[in-house]
Amino acid sequence: MVAPNETVNGVQPEKVDVLIVGAGPAGLMMAEWMAKCGIKTRICDKRGTKIFNGQADGLQCRTLEIFDSFGFGHRAWIESNHMLEICLWNPDKDGIIRRSDRIPDTIPGISRFQQVVLHQGRIERFFLDSIESCSDIRVERGVMPSKLELNQTLVEDNDAYPITVTLRHLSEEEATPQQQTGTSTNGTSVMDGLFRSNIAPDDTQDLLNDSAHLNGKANTEEVIQAKYVLGADGAHSWVRNQLGFKLEGESTDYIWGVLDIVPITDFPDIRMRCAIHSASAGSVMVIPRENKLVRLYIQLTTTEKIGDSAGARVDRSKITPQTILQAAQRIIAPYKLDYRKLDWWTAYQIGQRVGTQFSSHERIFLAGDAVHTHSPKAGQGMNVSMQDAYNLGWKVANVVKGIASRDILKTYQSERRRIAQDLIAFDHRFSRLFSGRPAKDVMDEEGISIQEFKNAFEKGNMFASGIAVDYGSSLIVAKQGNSTDQGDGTDVGVHNPDYQVLSIPTLATKVEVGKRIPSHKILNQSDARPSHLHELLRSNGRWRIITFAGDIRDPVQAAKLKNVGTKLAAPNSFLKRFTPSGGRYDDVFEVLAIHNAPRTQVSFFDFPEVYRNFDEIEGWDYWKIFVDGQSYHEGHGQIYENLGIGPAGCSVVLRPDQYVSYVGPMDAYDELDKFFSGFMVTQEKGKKVVLS
């Protein structure tokens, strides 16, 4: 263990707040948060380059909302192919596949976005551009950790750097994955994605061993001391292995191949998302992609394995683009399928596993494939992985900046491990329904029911969208229930009665505490410009307090608004206590008001100043007061009706990730104070407030 001031080879180890291992979507999501929040961060990846094609491609509604909150959702929306309809194809009584149903791909009305597909390389590019635009964080490629130590005596010291990591620089050859070459029918060479597949062995230790024998930069090492580490380094996670954590679950015998091709076919629904069950040759999922591409997930019913044991690994050398195409041709018959352009290919074995732990001492965290693996056909892998880091990033930033206590970090495992468990349960059922043989009749007990498959598809759409994520009771989610029961079993509840606050759901019947707040159109009071509520909730680390003030022409509502505004602006208000000395009024909190009086009958200056703060240089803040009203060009959002808010209004607290923490009375200042005092720290003392 390197002591805090000890040098290595005469060099003082660099100190960083956060070290991220792995620069895939989960790692880049974490880096995005760190960049937006100004946290000193380094991010490394053992591979020499970013992804340029293939890999994950599905983007669900919630993920697009998150991208938009960072400012690059429009890039994904414009470039991607939009998924609007699913066609189900099944064998008829003669065994010939026919279209049996059509259903919407995304449940109408759940989000302002629908599911889209775009290859992982472009998604990583969006992250990299965004990170570089607001920070000096850069991905260090061909770099991987070779040693990790955690000083457990320092884990509760907020100012300590208890993690020591040795980084090794690899050569260009080492940092380039060993791949098989596929060939398009036009003779073009195409590299595979098997190196990232779960049927490929872990090559991390081989890379470390090889680099130890090289000279020059490839043999150099450096030591870093970090406050926090995130292992987002995939299913073969080196960080997870160093911690001694395991993935628990099972693998199936289902092997699937993947082709990204420009198809030549007479199949009529090739530009629709399709689930195709053949009578006896297996199944195919069709995913129409951008740039004329189509992705085919193809069940391989004839694959050779190495060894005879139950856990024997598939023989990778026997899987080629040609064998995968031939399997697809058997399934899709009597329709023809071929290609001249192959963009990417891979193969994988379906397995569902969840990590035993998602963090060590709330200092070293794991995210993405490092803690959950499953089939990719529901479009969940990349989405859930990114949302792991989206959940964690703002929490680490709040703690590093001294805004919140370390207690909130326990909620990461409670919230995200429960989501992973739910995902595995969903995927377990879905993948078996997809991979199974259709039942020939009601007496065929070994076959799957096509109606059951359709029902699973429809019910799974809400889960798959990401909109259904519902975080349990905790010190940052004030709702009824036991935190251990509603999470993964971790106790993250409020134990001090001085800080105990419970929401009153009846005040906003369609706002569910623990879920992301729905988004509807509202108008700016000052200029009548319409915006979706979510467009105001940028991912910048700030907590939001939204006052739904009702009709402020009503003397009762006006009095309540004045009362809560006075308390929020008071010198001893929690807004002041938990804002760094010398900081701006909105460094930690953003206070918004949404009323439903006629916009033309009230004024910006009818609102307390806490909703329209004044700056000597920038003047009044005109972008915090909104109205539930009719737009000249974009209709009426009816946000009060759509959120189930009555004439008395209410207060809603949103976490920095847009999830609802609390719903209470409009002028519930004391409850808000208690809630934030349960986990935030005073800037003067660096510890939680003790209420008098």
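What you are looking at is a predicted structure, and each value in this text was computed from that prediction instead of being measured.

A. Examining the overall build of the protein more closely. For the protein, the count of helices and strands is 15 helices and 34 strands. Residue burial in the protein is summarised as follows: out of 692 residues, 58% are buried. Put simply, 74% of the contacts in the protein that link residues at least 6 apart link residues at least 24 apart.

B. Representation of the pairing of strand S17 (residues 294–300). For S17, the buried fraction is high: seven of the seven residues fall into the buried class. Neither face of S17 is exposed, since Val-294, Leu-296, Ile-298 and Leu-300 on one face and Arg-295, Tyr-297 and Gln-299 on the opposite face are all buried. Across five bridges, strand S16 (residues 283–288) lies against S17 in antiparallel orientation. Paired with Pro-288 across the strands is Val-294, a residue of S17. Counting the residues in the hairpin turn of S16 and S17 gives five residues, including Asn-291, whose phi is positive at 55 degrees.

C. Quick look at helix H2 (residues 61–70). Burial analysis of H2 places ten of its ten residues in the buried class, the great majority of the element. Three or more residues of H2 are buried, namely Cys-61, Arg-62, Thr-63, Leu-64, Glu-65, Ile-66, Phe-67, Asp-68, Ser-69 and Phe-70. Once H2 finishes, Gly-71 follows within two positions and takes phi at roughly 100 degrees, a positive value.

D. Region of interest: the packing of helix H1 (residues 25–37) against helix H8 (residues 381–400). Packing of H1 against H8 brings their axes to within 8 Å, and their N-to-C directions diverge by 30 degrees. For the element pair H1 / H8, the angle class is roughly parallel. Read as a crossing pair, H1 and H8 show a hand that is right-handed. Seen from H1, the contacting residues are Pro-25, Ala-26, Met-29, Met-30, Trp-33, Met-34 and Cys-37; seen from H8, they are Met-382, Ser-385, Met-386, Ala-389, Tyr-390, Leu-392, Gly-393, Trp-394, Val-396 and Ala-397. Looking at the contact of H1 with H8, its residues break down into 15 nonpolar, two polar and no charged.

E. Expanded view of the sheet that holds strand S33 (residues 650–654). The strand order across the open sheet formed by seven strands is S25-S24-S30-S27-S26-S33-S34, and the pairing between neighbours is mixed. In this open sheet, the two edge strands, each paired with only one partner strand, are strand S25 (530–532) and strand S34 (660–664). Each strand axis lies, on average, 30 degrees off the axis of its neighbour in the sheet, ignoring direction. Both strand S24 (residues 521–524) and strand S30 (residues 625–627) contribute to a ladder of two bridges, which runs antiparallel. For Asn-524, the partnering residue across the bridge sits in S30 and is Phe-626.

F. Here's a closer look at the environment of Glu-221. Its place among the elements puts Glu-221 in strand S13 (residues 221–231). Note: C-alpha distance between Glu-221 and His-169 (52 residues apart in sequence) is 6.4 Å. Residues contacting Glu-221, with those up to four places away along its chain left out, are Ser-146, Thr-166, Leu-167 and Arg-168. A polar contact of 2.6 Å, which involves the side chain of Glu-221, links it to the side chain of Arg-168.

G. Geometry of the side chain of Asp-260. Of note, Asp-260 is situated in strand S14 (residues 247–265). At a separation of 2.9 Å, a polar atom in the side chain of Asp-260 contacts the side chain of Arg-289. Polar side-chain contacts of Asp-260 include one of 2.7 Å to the side chain of Arg-295.

H. Fine view of the nonpolar core. Trp-543, Phe-548, Phe-574, Phe-589, Phe-676 and Phe-679 are the most contacted members of the largest nonpolar core, which has 133 residues in total. When residues of this core are assigned to their parent elements, the largest contribution, ten residues, is made by H8. The residues that make up this core include at least three from each of domain 1 (14–81 + 116–247 + 352–425) and domain 2 (483–678). The contact partners of Phe-676, leaving out residues within four places of it in the chain, are Trp-543, Ile-545, Phe-574, Phe-578, Phe-589 and Val-653. Residues Ile-261, Ala-328, Leu-337 and Tyr-339 belong to the second largest nonpolar core, which totals 29 residues.

I. Spotlight on the packing of aromatic side chains. What the rule picks out here adds up to 35 aromatic pairs. Ring centres of Phe-70 and Tyr-390 lie 5.9 Å apart, and the angle between their planes is 85 degrees; on these two criteria the pair is classed as edge-to-face. In this pair, Phe-70 is assigned in helix H2 and Tyr-390 in helix H8, connecting sequence segments 320 residues apart. Summarising the burial analysis for this pair, Phe-70 and Tyr-390 share the class buried. Grouped by ring-pair contacts, the aromatic residues Trp-394, Trp-543, Phe-574, Phe-589, Tyr-669, Phe-675, Phe-676 and Phe-679 constitute a single cluster. Positioned above the aromatic ring of Tyr-228 is the side chain of Arg-363, whose terminal nitrogen or guanidinium carbon lies 4.7 Å from the ring centre.

J. Region of the structure containing the pattern of salt bridges. For the structure on display, the rule yields 40 salt bridges. With a closest N to O distance of 3.9 Å, Asp-17 and Lys-227 form a salt bridge. Here Asp-17, found in strand S1 (residues 14–21), pairs with Lys-227, found in strand S13; they are 210 residues apart in sequence, far enough to count as distant. Classification of Asp-17 by relative accessible area gives buried; the value is 12%. Between Asp-68 and Arg-112 there is a salt bridge whose closest N-O contact spans 2.4 Å.

K. Structural view of a nonpolar patch on the surface. Together, Phe-605, Tyr-622 and Trp-623 give the surface a local cluster of nonpolar side chains, amounting to about 340 Å² of exposed area. Tracing the sequence through the fold places Tyr-622 in the loop between strand S29 (619–620) and S30.

L. The arrangement of the pairing of S13 in detail. Among the eleven residues of S13, nine are classified as buried, and the element is accordingly described as predominantly covered. Bridging between S1 and S13 involves seven bridges; their strand directions are parallel. Bridging across to S13, Ile-20 finds its partner in Leu-230. Of the pairings in the sheet, the one linking strand S10 (residues 163–169) to S13 comprises six bridges and is antiparallel in character. Across the sheet, Thr-164 pairs through a bridge with Gln-225, a residue of S13.

M. Focus on the environment of Ala-508. Here Ala-508 shows up in the loop between helix H11 (483–486) and S24. Judged by its relative accessible area of 0%, Ala-508 falls in the buried class. For the pair Ala-508 and Leu-643, spaced 135 residues apart in the sequence, the C-alpha separation amounts to 5.8 Å. Contact partners of Ala-508, with chain neighbours within four places excluded, come to Leu-643, Gly-644, Ile-645, Cys-650 and Val-663.

The rules we used
- Residues numbered from 1 in each chain as written.
- Predicted model: local features only at pLDDT ≥ 70, side-chain atom pairs only at ≥ 80, totals over all residues.
- Heavy atoms only, no water.
- Helix = DSSP H or I, 4+ residues; strand = E, 2+ residues; numbered from the N terminus.
- Buried < 20%, exposed > 50% of the residue type's maximum accessible area, 1.4 Å probe, protein only.
- Contact = heavy atoms within 4.5 Å.
- Pairing = 2+ DSSP bridges.
- Axes fitted to C-alpha atoms, helices over the stretch in contact; angles between N-to-C directions.
- Parallel < 35°, antiparallel > 145°, perpendicular 65-115°, else oblique.
- Left-handed = near helix turned anticlockwise from the far one by under 90°.
- Nonpolar A, V, L, I, M, F, W, Y, C, P; charged D, E, K, R; others polar.
- Polar contact = N/O pair within 3.5 Å; in protein donor to acceptor, adjacent residues only side chain to side chain.
- Core = buried A, V, L, I, M, F, W, Y, C linked by side-chain atoms within 4.5 Å.
- Domains from an automatic or database assignment.
- Phe/Tyr/Trp six-rings, centres within 6.5 Å; stacked < 30°, edge-to-face > 60°.
- Lys NZ or Arg CZ within 6 Å of the ring centre and 35° of its normal.
- Salt bridge = Lys/Arg side-chain N within 4 Å of Asp/Glu carboxyl O.
- Patch = residues over 30% accessible without salt bridge, like charges linked within 9 Å, V, L, I, M, F, W, Y side chains within 5 Å.
- Areas by Shrake-Rupley, 256 points an atom, 1.4 Å probe, with all protein chains shown as cover.

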